[in-house]
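# Descriptive structure summary
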Amino acid sequence: MSASAQDKTPLLGVSQPISLAHPDAKDILLTEQLVETLKKCNSYEPKAETEKRMEVLRSLNRLVKEWVKNVTAIKIPSGEGANAGGKLFTFGSYRLGVHSSGADIDTLAVVPRHIDRTDFFTSFKEMLNQDPNVTELHAVEEAFVPVMKLKYSGVELDILFARLALREVPDTQELSDDSLLKNLDQESVRSLNGCRVAEQLLKLVPRQNNYCVALRAIKLWAKNHGIYSNSMGFFGGISWAILIARACQLYPNASPSRLVHRMFFIFATWTWPHPVLLNELNSERTDVGALIDLVWDPRRKSTDRFHLMPIITPAFPQQNSTHNVTRSTMQVIRTEICEGLEICRDISEGKCGWDALFKEVNFFSRYKHYIALLMAAPNEEEELNYGGFLESRIRLLVQSLERNQDIVIAHNDPNKHKPSPNAKFDVSPENKRITLWFIGLEFVEHTKSLDLTSEIHRFKTNVELQASGVKGIGPNCTVEIDMFYVKRNKLFQIISNADLIRGRHWKKPLVPPIPLNQLGKSNITRTSSTSSVPTTPTTLVPPSIALSASTSELESTTTTTINGTPVSRKRVIQESTTTEVSSDGVPPEKQMRESPSLEESSVVEMFVQVVEQSVVQEMVNTTNDFEHSEQKVQAEPQSV
């Protein structure tokens, strides 16, 4: 590749890209097939639905402005706040341009300083209640990020609230300036984080169109495999978006089909709890010192050392988007990623199509034993309010079950179910609206009996006690919750046959996840300040040249500076020492000698070692052909 062509490739992230190779004819064909499969799965919404969403957002934006104007007239009767403004922002999948048909829209109402959160959950909620287009409105005021959920003209929305320390919020207001976070309450900072992260993600990926197509694919795969839910202990949308963004940084010219494959390849062997970073951590700032404590930093905060799979958001203050992950959900996620890698290899070899990757997996085919969590409510409002609260607590029950030495895994299904018509439960007659959640259990081998009474009783007592103090529920709530054990062959008695047979049967991947204690064990440096997880380098800067474009020296020593002190940095490129044997019985060493086209056999592993700080970077490929031209893949716009 010529120097001029290489210079046009954006180099982003905290390390050199693994490969600058452009798509070949096979990549282009696989991408076309991928897009067609995504369209069949309704991952792209029809034009009429897009126009309806835009009209709904315009209507809500008008409502926000009208509400701010009314509250301003009451609080500032002199008329000085006539131009107070107010603005509705979008974030999440909609802002990234990867929302699917029927998906909800994440929005943020930004208002000036004289409007407070109480106004949002009182006068604005009342205004929405009076709008005939609004249905299923309920507020979750006590959530970590307070939110109002509703449907407007049939479109599902979440509305967050943030108050800026400004007199006015004009239509031209932007949120990227870090100084806007000064003097804000933590709820507003967390609410603003969604919009700020979405903007940063789009700036930190080299090819936005390719990124959006690949992200659509990963979101669809994660949902159909039951590992898409932040509140239930899995990865949420932002976490998957960061993983794909990291793959884009490491393969900046790759096609969407190759990016999907590379994402599985990178994170199938990722050495957790090493964090996934898109840019440098910034925990030494003095201009917004009050927010430094919100930055993820296991060196200073002991709670951050216990995060199992840290994926760090790119906008200040950088935070871990996966703090809810439990030991069981971590095992499930890693297993699914390994299976995704195997399927992508089969797709690349022509053994199957993309539909094999996206086919829904039947949760009830995974385990023989289950705990059913039942909620019975008298009406829709209490069902929505209590159900949202209860879902956010299920991961705590999972953590309690994990502590039982006879349980190998406690896997909660993020989907909720309705009972079969003939199912009978011991609940009050007035509580006719019943919802069920299930937790699959895998026991230690040769376990004959297991008493989970204490775990279940403790969870039920804590939930009922906490719910009595939650706004929208209260001590007079009549909702009932119960839990009971059920075997797989008895599930037909409580849920419909359609739920039991939906999707394909789950199968274990041929190559299960490598135990974490065998992944880079000798290369992890621990310090007295971070005895639980390795520390994170904070002085790594984006490179000016790709690693794969400059490998003449396999070992070099450079010098960097931490707080003005010279520090030795040593980069060592080593051959991977995998012991995996292919399906045809050929060991990887022989494959490397006889099959130079086998990409994953000729990888090297790069370790960046900083004084008392180490992070396993990524698998490095040095055999890609850099002479292919780039294929531009069209995707949906990033915002509407």
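Residues numbered from 1 in each chain as written. Predicted model: local features only at pLDDT ≥ 70, side-chain atom pairs only at ≥ 80, totals over all residues. Heavy atoms only, no water.

## Quick notes on the overall build of the protein
If you tally the helices and strands in the protein, you get 16 helices and 13 strands. Expressed as a percentage of contacts within the protein between residues at least 6 apart in sequence, the contacts between residues at least 24 apart total 74%. For the protein, the computed accessible surface area is about 29300 Å², with 49% contributed by carbon and sulfur atoms. (Helix = DSSP H or I, 4+ residues; strand = E, 2+ residues; numbered from the N terminus. Contact = heavy atoms within 4.5 Å. Areas by Shrake-Rupley, 256 points an atom, 1.4 Å probe, with all protein chains shown as cover.)

## Some details on the nonpolar core
Side chains of a nonpolar character, in soluble globular proteins, are inclined to be buried together. If you look at the biggest cluster of nonpolar residues, it comprises 108 residues, and the most contacted ones within it are Tyr-211, Trp-221, Trp-240, Val-260, Phe-264, Leu-357 and Phe-438. Val-56, Val-111, Phe-121 and Phe-124 belong to the second largest nonpolar core, which has 30 residues in total. (Core = buried A, V, L, I, M, F, W, Y, C linked by side-chain atoms within 4.5 Å. Buried < 20%, exposed > 50% of the residue type's maximum accessible area, 1.4 Å probe, protein only.)

## Some thoughts on the environment of Arg-167
Its place among the elements puts Arg-167 in the loop between strand 5 (155-163) and helix 6 (186-203). Its relative accessible area of 55% is what places Arg-167 among the exposed residues. Expressed as a C-alpha distance, the spacing of Arg-167 and Ala-84, which sit 83 residues apart in the sequence, is 6.5 Å. The contacts of Arg-167, once residues within four sequence positions are left out, are Glu-80, Ala-84, Pro-112, Arg-113 and His-114.

## Observations regarding the sheet that holds strand 5
If you trace the five strands from one edge of the open sheet to the other, you get 1-2-5-4-3, paired in mixed fashion. Looking at which strands have only one partner, the edges of the open sheet turn out to be strand 1 (87-91) and strand 3 (134-140). Across the sheet, the axes of successive neighbouring strands diverge by a mean angle of 25 degrees, strand direction being ignored. Judged from the six bridges that link them, strand 4 (residues 147-152) and strand 5 form a sheet pairing that is antiparallel. Along strand 5, the bridge assignment pairs Leu-150 with Leu-157. (Pairing = 2+ DSSP bridges. Axes fitted to C-alpha atoms, helices over the stretch in contact; angles between N-to-C directions.)

## So, the UniProt feature "binding site: Mg(2+) 1" (unreviewed entry) in the protein
Mapped onto the present numbering, the UniProt feature "binding site: Mg(2+) 1" (unreviewed entry) falls at Asp-104 and Asp-106. With respect to the helices, strands and loops of the structure, Asp-104 is situated in the loop between helix 4 (92-96) and strand 2 (105-111). Residue classification places Asp-104 among the partly exposed positions, given a relative accessible area of 28%. Among the structural elements, Asp-106 can be located in strand 2. In this structure, Asp-106 is in contact with Phe-89, Thr-90, Phe-91, Gly-92 and Asp-158, ignoring residues within four places of it in sequence. (UniProt positions renumbered as here; feature names shortened; annotations may be inferred.)

## Considerations on the environment of Ile-266
Here Ile-266 lies in helix 9 (residues 256-268). In sequence terms Ile-266 and Arg-246 are 20 residues apart; their C-alpha atoms lie 9.4 Å from each other.

## Looking at the packing of helix 8 (residues 237-250) against helix 9
Contact pair helix 8 / helix 9: the axes reach a minimum separation of 9 Å and the direction vectors enclose 100 degrees. In terms of orientation, helix 8 lies roughly perpendicular with respect to helix 9. Taking contact as the criterion, the partners of Trp-240, Leu-243, Ile-244, Arg-246, Ala-247, Cys-248 and Leu-250 in helix 8 are, on helix 9, Leu-259, Met-263, Ile-266 and Phe-267. In terms of residue class, the contact of helix 8 with helix 9 is built from ten nonpolar, no polar and one charged. (Parallel < 35°, antiparallel > 145°, perpendicular 65-115°, else oblique. Nonpolar A, V, L, I, M, F, W, Y, C, P; charged D, E, K, R; others polar.)

## Section: the pairing of strand 8 (residues 433-443)
The buried fraction of strand 8 is high, at eight of eleven residues. In this sheet, strand 8 lies alongside strand 6 (residues 369-377) in antiparallel orientation, the contact comprising nine bridges. Of the residues in strand 8, the one forming a bridge with Ile-371 is Ile-439. Bridge analysis of strand 7 (residues 407-412) against strand 8 gives five bridges, and the strand direction is antiparallel. Paired with Ile-409 across the strands is Glu-442, a residue of strand 8.

## Things to note about the state of the cysteines
By the definition in use, this model includes zero disulfides. Of all cysteine sulfurs in the structure, the one in Cys-352 sits closest to Cys-344, which takes part in no disulfide; the separation is 8.6 Å. Judged by its relative accessible area of 3%, Cys-344 falls in the buried class. (Disulfide = S-S within 2.5 Å.)

## So, the packing of aromatic side chains
A full pass over the atoms with the stated rule returns 21 aromatic pairs. Look at Phe-120 and Phe-121: their rings are 5.0 Å apart centre to centre, the planes differ by 80 degrees, and that puts the pair in the edge-to-face class. A single burial state applies to Phe-120 and to Phe-121, both of which are buried. For the pair Phe-364 and Phe-438, a centre-to-centre distance of 5.2 Å together with 85 degrees between the ring planes defines the contact as edge-to-face. Residue Phe-364 is located in the loop between helix 11 (355-358) and strand 6, and its partner Phe-438 is located in strand 8; the two are separated by 74 residues in the primary sequence. The buried category is assigned to Phe-364, whose relative accessible area is 5%. (Phe/Tyr/Trp six-rings, centres within 6.5 Å; stacked < 30°, edge-to-face > 60°.)

## Thoughts on unusual backbone geometry
In this structure, the amide linkage connecting Trp-272 to the following residue, Pro-273, adopts the cis form with an omega of 10 degrees. Note on placement: Pro-273 falls in the loop between helix 9 and helix 10 (327-348). With an omega dihedral of -5 degrees, the bond running from Phe-316 to Pro-317 counts as a cis peptide bond. Tracing the sequence through the fold places Pro-317 in the loop between helix 9 and helix 10. Positive phi is not limited to glycine here, since Ser-153 has a value of about 55 degrees.

## Considerations on the side chain of Asp-499
With respect to the helices and strands, Asp-499 occurs in helix 15 (residues 497-501). Of note is the side chain of Asp-499, whose polar atom sits 2.9 Å from the side chain of Arg-502. Excluding residues that lie within four positions of it along the chain, Asp-499 makes contacts with Asn-362, Phe-364, His-417 and Lys-418. (Polar contact = N/O pair within 3.5 Å; in protein donor to acceptor, adjacent residues only side chain to side chain.)

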